[in-house]
Amino acid sequence: MRSSLMQPRPSGELERAQDYTIPQSSFSSGSPHSPSQSRRSQVRSATYAAQPRLTLAPAEGWMALVLLAVAVYTVVISLGASGWVSANMNLVVSTAVGLLTGFVVAKLKRFPQAILHLGACLAGYWLSVFLTSTIAYHVSWLLLLQNLRSVIGGGLVSPLTNGGDMVFLFYLTFLCYFLGYFGAWLIYRAHLPWLVALIYCSIMLVNLQYAKTDLSLLVVVLAGALLLLVARIQLSNQLARWSQEGLRTDRSWLRSVTTRFMQVAGLMTVLIVLLSMLLPVVSQPTAGTSLWNSVNNFWTNVTRGQLSLNNPGSV
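Residues numbered from 1 in each chain as written. Predicted model: local features only at pLDDT ≥ 70, side-chain atom pairs only at ≥ 80, totals over all residues. Heavy atoms only, no water.

**Student:** Would you mind showing me how to read the pattern of salt bridges here?
**Tutor:** Oppositely charged side chains may form a pair once their charged atoms are brought near each other. Under the counting rule described, the total for this entry stands at 1 salt bridge. When the shortest N-O distance is used, the salt bridge between Glu60 and Lys107 registers 3.0 Å. Here the residue Glu60 occupies a position in the loop between α3 (35-50) and α4 (62-81), and Lys107 occupies one in helix α5 (residues 88-107), the gap between them amounting to 47 residues. For Glu60, a relative accessible area of 3% corresponds to the buried category. (Salt bridge = Lys/Arg side-chain N within 4 Å of Asp/Glu carboxyl O. Helix = DSSP H or I, 4+ residues; strand = E, 2+ residues; numbered from the N terminus. Buried < 20%, exposed > 50% of the residue type's maximum accessible area, 1.4 Å probe, protein only.)

Structure below.
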């Protein structure tokens, strides 16, 4: 009867029971907490540690903004090297303001983006008017608006104020502002680095046609910055996708993955740039020469106020 009521404990379980010791910290005479309270405090501290901390850095990182600034300023420097205008400081200031404005608008999620875009464009317009009229030419902004109205209306620009150069400087100043603004918004809001690369490379291609000096170094810097920018935004998109699928990681893991990924991207960028420099240079065909001559004639007519819409096909 005794054997049927009390079964002997197996040797393995007996050894585990003997080896189990109660932590002295839970039952020490000086500890006012019970084991259940200590367990709850540990769970609470672990929960607080798992909560996200407040950080001012964007999810895409500051490296993307630095690479974007390098890319857009290579385009700005190429504009100055082409000899289009003499007041190059206007282009530098408007580009910096455009980058900052685009970043702020991209991170504002509680306001309608259409209204923010309209306000940013108006701010860039009046900034360009101020930089062109007051800083560059030291004339009234009303005179610049008059010249703009004359160009748009097809009239003659005032020859006493050199209105054609003034209008063209205003156009380039606003263009640089828009390049910085649109690039920052596409990177930090739309996450479309390839579109940024397409726009910047297109403008650089136009500047190469009119450049008076060799811009090979600027082309290499632009290509490297854009390749690294594309890699950084692609990594950011992938991390966001993993987070939406339920992957939870700490900052150290994210930092190590980002570092390794950008190191590989940097190595590939160097190889791509070196390989592209070894490719043969092809001379411009006759069709390309005709195309650039047409573009040159079109912009010359625009700056002189001789734009005509009688033949839209030529435009």
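Now that the structure is up, let's keep going.
**Student:** When you look at unusual backbone geometry in this model, what are you seeing that I'm missing?
**Tutor:** Only a minority of non-glycine residues have a phi that is not negative, and only a minority of peptide bonds are not trans. One non-glycine residue, His138, lies in the positive phi region at around 55 degrees. Along the chain, His138 falls in the loop between α6 (113-137) and α7 (141-153). In the Ramachandran plot, His191 falls in the positive-phi region, its phi being about 55 degrees despite a non-glycine side chain. Residue classification places His191 among the partly exposed positions, given a relative accessible area of 25%.

**Student:** Help me understand the side chain of Thr269 in this model?
**Tutor:** With respect to the secondary-structure elements, Thr269 resides in helix α11 (residues 251-278). Its relative accessible area of 9% is what places Thr269 among the buried residues. Beyond its immediate stretch of four places on either side in the chain, Thr269 contacts Gly224, Leu227 and Leu228. (Contact = heavy atoms within 4.5 Å.)

**Student:** I tried to follow the packing of helix α10 (residues 216-244) against α11 on my own but got confused; where do I start?
**Tutor:** Any two packed helices are characterised by how steeply their axes cross, that is the angle between the axes, and by the distance between the axes. In contact at an axis separation of 9 Å, α10 and α11 are set at 150 degrees when each is read in the N-to-C sense. In the packing of α10 onto α11, the handedness of the crossing is right-handed. On α11, the residues touching Val220, Gly224, Leu227, Leu228, Ala231, Arg232, Leu235, Leu239 and Trp242 of α10 are Trp253, Leu254, Val257, Thr258, Phe261, Met262, Ala265, Gly266, Thr269, Ile272, Val273 and Met277. Along the lines of polarity and charge, the residues of the contact of α10 with α11 split into 16 nonpolar, 4 polar and 1 charged. (Axes fitted to C-alpha atoms, helices over the stretch in contact; angles between N-to-C directions. Left-handed = near helix turned anticlockwise from the far one by under 90°. Nonpolar A, V, L, I, M, F, W, Y, C, P; charged D, E, K, R; others polar.)

**Student:** Would you explain the nonpolar core in this entry?
**Tutor:** Within soluble globular proteins, side chains that are nonpolar generally end up buried alongside one another. Counting residues in each nonpolar core, the largest one holds 44 residues, and the members touching the most others are Leu68, Ile187, Tyr200 and Leu229. At the level of secondary structure, the elements contributing two or more residues to this core comprise α4, α5, α6, α8 (163-190), α9 (193-210) and α10. Broken down by element, the residue count for this core peaks at 13 residues, all from α8. Grouped together as the second largest cluster of nonpolar side chains are 8 residues, Val129, Leu145, Leu148 and Phe170 included. (Core = buried A, V, L, I, M, F, W, Y, C linked by side-chain atoms within 4.5 Å.)

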